[in-house]
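Each chain, written out:
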Amino acid sequence: MRETADLAALVAGKVLDVPDFPKPGIVFKDLMPLFADGAVFRQVIDGIIAFHGSGSFDVVAGVEARGFVVAAAIAYAEGTGVVPIRKAGKLPRAVHSASYALEYGEATLEVHQDAFVAGQRVLVVDDVLATGGTAAAALDLVERSGGAVSGFTVLMELGFLDGRKRLAPREVHALLTV
């Protein structure tokens, strides 16, 4: 699969490691250079759509905050809607909440209770899969809000943290695994 290898190389070439962020001992994977390079960003978005198949989802849900960037671009390219999955306290109407452990603390995600039409096919996207806590919470929120998860994609998977195992038996589509 040359296209998959090409996308992995594109992502790898645009990731910057930021040591000791957000806490000492953590190496943050900064994908902002990927988002800033229009040609690379377009190839990544097109690759995600090609993997899932055009028309295989009705709406795209992006996980705060970098997932918003990816979700909005996919939704625009496919002519679908986009739904934000936000950190606690950021949404104005009734929400579903899910708390989870991070590799460096705890957090809570929320989505509007009426974010999805019952049975609506939802592609969920985020930037990085680490321990799987954020992803598990996001997927749970989509389903509790009436959506049917049709796919889950991340730009980068930190394979050594085993987040994929936490999400089993769900399929995880990662453009790059390190």
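Up top you'll find the structure we're talking about.
Every value quoted in this text rests on a predicted model; they were computed, and no experiment measured them. (Residues numbered from 1 in each chain as written. Predicted model: local features only at pLDDT ≥ 70, side-chain atom pairs only at ≥ 80, totals over all residues. Heavy atoms only, no water.)

Taking 1.5 Å of rise per residue, 13 residues should cover 18 Å, and helix α4 (residues 66–78) covers 19 Å from first to last C-alpha, within 8% of that figure. Considered for burial, the residues of α4 that qualify are Gly67, Val70, Ala71, Ala73, Ile74 and Ala75. Here the buried face of α4 lies against α2 (32–36), α3 (38–52), β3 (59–63), β4 (81–87), β7 (121–129) and β8 (148–157). (Helix = DSSP H or I, 4+ residues; strand = E, 2+ residues; numbered from the N terminus. Expected span 1.5 Å × (residues − 1). Buried < 20%, exposed > 50% of the residue type's maximum accessible area, 1.4 Å probe, protein only. Contact = heavy atoms within 4.5 Å.)

This part is about helix α5 (residues 133–144). An ideal rise of 1.5 Å per residue puts 16 Å on twelve residues; α5 measures up with 16 Å between its terminal C-alpha atoms. Every buried residue of α5 is accounted for by Gly133, Thr134, Ala135, Ala137, Ala138, Leu139, Leu141 and Val142.

Right, let's talk about the sheet that holds β3 for a bit. Reading across the sheet, the seven strands line up as β5-β6-β4-β3-β7-β8-β9 and stay open at both edges, with mixed pairing between neighbours. Lying at the two open borders of the sheet, with one neighbouring strand each, are β5 (95–102) and β9 (173–177). Shown here is a sheet whose adjacent strand axes are inclined to one another by a mean of 20 degrees, direction ignored. In this structure, β5 lies alongside strand β6 (residues 105–112), joined through eight bridges in antiparallel fashion. When the sheet's bridge partners are listed, His96 is paired in β6 with Val111. The strands touched by α4 are β3, β4, β7 and β8; relative to β3, the strand with the most contacts, the crossing angle is about 165 degrees. Each of β3, β4, β5, β6, β7 and β8 touches α5; the most contacted strand, β5, lies at about 165 degrees to it. (Pairing = 2+ DSSP bridges. Axes fitted to C-alpha atoms, helices over the stretch in contact; angles between N-to-C directions.)

Our focus in this paragraph is the environment of Pro19. Structurally, Pro19 can be placed in strand β1 (residues 16–19). Each C-alpha atom of the pair Pro19 and Asp46 lies 31 Å from the other, and the pair is 27 residues apart in sequence.

Here the focus is unusual backbone geometry. Put simply, Phe21 and Pro22 share a cis peptide bond, and its omega is 5 degrees. With respect to the helices and strands, Pro22 occurs in the loop between β1 and β2 (27–30). Along the chain, Glu64 connects to Ala65 via a cis peptide bond; the corresponding omega equals -10 degrees. Tracing the chain through its elements places Ala65 in the loop between β3 and α4. A positive phi is found at Asp20, a non-glycine position, where the angle reads about 60 degrees. Relative to the helices and strands, Asp20 is located in the loop between β1 and β2. One non-glycine residue with positive phi stands out, namely Asp162, at about 60 degrees. With respect to the helices and strands, Asp162 occurs in the loop between β8 and α6 (163–167).

Relative to the assigned elements, Ser145 resides in the loop between α5 and β8. Among the polar contacts listed, one links the side chain of Ser145 to the backbone oxygen of Leu141, at a separation of 2.9 Å. Not counting the four nearest positions on each side in its chain, Ser145 is found in contact with His96, Val111, His112, Gln113 and Phe116. (Polar contact = N/O pair within 3.5 Å; in protein donor to acceptor, adjacent residues only side chain to side chain.)

Following both chains from N to C, one finds α3 and α4 inclined at 70 degrees, their axes separated by 10 Å at the closest point. In terms of axis orientation, α3 runs roughly perpendicular to α4. For the element pair α3 and α4, the recorded crossing hand is right-handed. Contacts between α3 and α4 involve Phe41, Ile45, Ile48 and Ile49 on the former and, on the latter, Val69, Val70, Ala73, Ile74, Ala77 and Glu78. Across the contact of α3 with α4, the residue classes tally to nine nonpolar, no polar and one charged. (Parallel < 35°, antiparallel > 145°, perpendicular 65-115°, else oblique. Left-handed = near helix turned anticlockwise from the far one by under 90°. Nonpolar A, V, L, I, M, F, W, Y, C, P; charged D, E, K, R; others polar.)

Turning our attention to the pattern of salt bridges. This model, assessed by the stated rule, comprises nine salt bridges. With a shortest N-O distance of 2.3 Å, Asp127 and Arg66 are connected by a salt bridge. In this pair, Asp127 sits in strand β7 while Arg66 sits in helix α4, placing the two residues 61 residues apart along the sequence. On the basis of relative accessible area, Asp127 is assigned to the buried category, the value being 5%. (Salt bridge = Lys/Arg side-chain N within 4 Å of Asp/Glu carboxyl O.)

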